[in-house]
Amino acid sequence: MTGSGPRAALPTPSPGSRSRSARKAGRKAGPLQGRGLRAREGRRPLVPSPACLLRRPRRRGHEAEAEERVSRLLPGVDRRPPLRAGQPCDCLPPLRAAAEQLRQKDLRISQLQADLRRPPPAPAQPPEPEALPTVYVVTPTYARLVQKAELVRLSQTLSLVPRLHWLLVEDAEGPTPLVSGLLAASGLLFTHLVVLTPKAQRLREGEPGWVRPRGVEQRNKALDWLRGRGGAVGGEKDPPPPGTQGVVYFADDDNTYSRELFEEMRWTRGVSVWPVGLVGGLRFEGPQVQDGRVVGFHTAWEPNRPFPVDMAGFAVSLPLLLAKPNAQFDATAPRGHLESSLLSHLVDPKDLEPRAANCTRVLVWHTRTEKPKMKQEEQLQRQGRGSDPAIEV
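In this text, all values refer to a predicted model and were calculated from it rather than measured experimentally.

### With respect to the overall build of the protein chain
Helix and strand counts for the protein chain come out as eleven helices and 13 strands. Per-residue burial for the protein chain yields a buried fraction of 34% across its 393 residues. Pairs at least 24 residues apart make up 72% of the contacts formed inside the protein chain by residues separated by at least 6 positions. On the protein chain, roughly 25900 Å² of surface is accessible, and the fraction owed to carbon and sulfur atoms is 55%.

### Comments concerning the pattern of salt bridges
This structure, assessed with the given rule, holds eleven salt bridges. A salt bridge links R103 to E100; its shortest N-O distance comes to 3.0 Å. Here R103 pairs with E100, and both are found in helix α3 (residues 92-117), just three residues apart, close to one helical turn. Overall, R103 belongs to the partly exposed group, its relative accessible area being 45%. In this structure, R219 engages D252 in a salt bridge whose closest nitrogen and oxygen atoms are separated by 3.0 Å. Taken together, the residues R219 in helix α6 (residues 216-226) and D252 in the loop between β5 (246-250) and β6 (256-257) connect sequence positions 33 residues apart. Exposure remark for R219: the relative accessible area of 4% places this residue in the buried category. Overall, D252 belongs to the buried group, its relative accessible area being 17%.

### Considering the pairing of strand β8 (residues 276-279)
Every regular strand shows the same layout, with side chains that alternate between the two sheet faces. Two strands pair when backbone bridges link them, and β8 and strand β9 (residues 282-290) are joined in this way by three bridges, in the antiparallel orientation. Bridge pairing in β9 places V276 opposite E285. Taking the residues that link successive antiparallel strands as the turn, the β8-β9 hairpin has two residues, and the phi of G280 there is positive, at about 65 degrees.

### Notes on the packing of aromatic side chains
The tally for this structure, following the rule as stated, stands at six aromatic pairs. Seen from their ring centres, F250 and F314 are 6.2 Å apart, and the 50 degrees between their planes marks the pair as tilted. Linking F250 in strand β5 with F314 in strand β11 (residues 314-317), this pair joins segments that are 64 residues apart in sequence. Ring geometry for Y257 versus F262: centroids 6.2 Å apart, planes at 45 degrees, classification tilted. Here Y257 and F262 have matching classes, each one buried. In textbook terms, an aromatic cluster arises when at least three aromatic residues are bridged by ring pairs, as seen for Y249, Y257, F262 and W274. Of note, R144 hangs over the ring of Y142, and the distance from its end group to the ring centre comes to 4.3 Å. Over the ring of F329 we find R219, and its NZ or CZ is 6.0 Å from the ring centre.

### As for the environment of T369
Locating T369 in the fold gives a position in the loop between β13 (364-365) and α11 (375-382). Given the relative accessible area of 38%, T369 is considered partly exposed. As a C-alpha pair, T369 and A149 span 220 residues in sequence and 9.5 Å in three-dimensional space. Those residues in contact with T369 that sit more than four places away from it in its chain are V146, E150 and R153. Among the polar contacts made by the side chain of T369, one reaches the side chain of E150 at a distance of 2.6 Å.

Analysis parameters
Residue numbering note: each chain is counted from 1, following its sequence as written. Confidence filtering applies because this is a predicted model: local features only for residues at pLDDT of at least 70, side-chain atom pairs given and counted only at 80 or more, and all residues used for totals across whole chains, interfaces and linings. Side-chain descriptors were evaluated using all non-hydrogen atoms of the structure, hydrogens and water having been removed beforehand. Only DSSP runs of H or I covering at least 4 residues are called helices, and only runs of E covering at least 2 are called strands; the numbering of each starts at the N terminus. Any residue under 20% of the maximum accessible area for its type is buried, any over 50% is exposed, and the rest in between are partly exposed; the area is computed with a 1.4 Å probe on protein chains only. Residue contacts are defined here by distance: any two heavy atoms, one from each residue, within 4.5 Å place the two residues in contact. Residue burial considers only the protein chains on display, and all accessible areas are found by Shrake-Rupley using a 1.4 Å probe. One side-chain nitrogen of Lys or Arg within 4 Å of one carboxyl oxygen of Asp or Glu is enough to make a salt bridge. Strands were regarded as paired on the criterion that DSSP finds at least two bridges between them. Think of it this way: a Phe, Tyr or Trp ring, Trp meaning its six-membered ring, pairs with another when their centres are within 6.5 Å, and the plane angle makes it stacked under 30 degrees, edge-to-face over 60, tilted otherwise. The rule for a charge over a ring is simple: NZ of Lys or CZ of Arg within 6 Å of the ring centre, and within 35 degrees of the ring normal. In the analysis that follows, any N or O atom pair within 3.5 Å is treated as a polar contact, provided that within protein one partner can donate a hydrogen and the other can accept it, and provided that, for residues neighboring in sequence, both atoms belong to side chains.

Structure follows, in structure tokens:
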């Protein structure tokens, strides 16, 4: 009967019809319910606010700006889109490229820093103009085992200096083959002079070198030649003609000289001065300069000397020497006063001309070669097996 029997079973919806109805319900429920999210009753739906939506493009703008900066700093880096979950990373090649670029930049920076620390190259020597004053270098020398070694070293330094005339004065009765041959092979303009130190002025056996002044007769012999009194035994025998512009420097054969020193002294008008290294028991001795004038001397031994300077620490203009014919070294001067015995005839201490950056640079060193020990040679000579004397040392 109708309505009195058991209820007829309702037809079960198929899976396809259920999914279609769910999708329709999702579209009607709102923007979030179709994605598995339900808005609770009495609450606002979970919809992003307008302010949040406005911040997103701004964040993307910062990311773009950062990427642009990276591309400028590292133009070779491959900028790829972000990886998705589960996607393998192949970022090793870009990282290697970036590391290599940084390494190349560091290498270039190191090279530039090294270039900044490197001293500037020495300027090329210009041609020698005739107006360039001549530097007359006076060197006393005497026979000893290291004589040739000292003179070879000095001659090769002097060969680097343009317009230089070497006055080499032997302490001997006559010119020796060793010195004559060395001068001929040096390639320098030279004058060979000879004068023997009187016996009364020579050092006695066992006496220290500072007891008696050495090289006095030899330096005065060079001054005589410059003043036209002759005496040359080799090389240039004519003295400089009147009016010659030049400077005279007394350079011992055992010191060490910078090439710059000779350019510092070349334009001396009267007497120029500078520091000397490793002398007087100090790291250096030299004038003290204030406002471009010599106001004192840095020295430890007898600072009250008229001119407390070393022989290697001054030069004299040639016209001044020629204008003072009686100025010379005094062999009887007290110890340490040999330089003063000459300079006192030429200049007042306040008129000294400071050189070498106002006497702040050391360009000459008072070095000495150690005396060689010949015990083995003496032993072989007693046995008749000594070194060949024909070989010049």
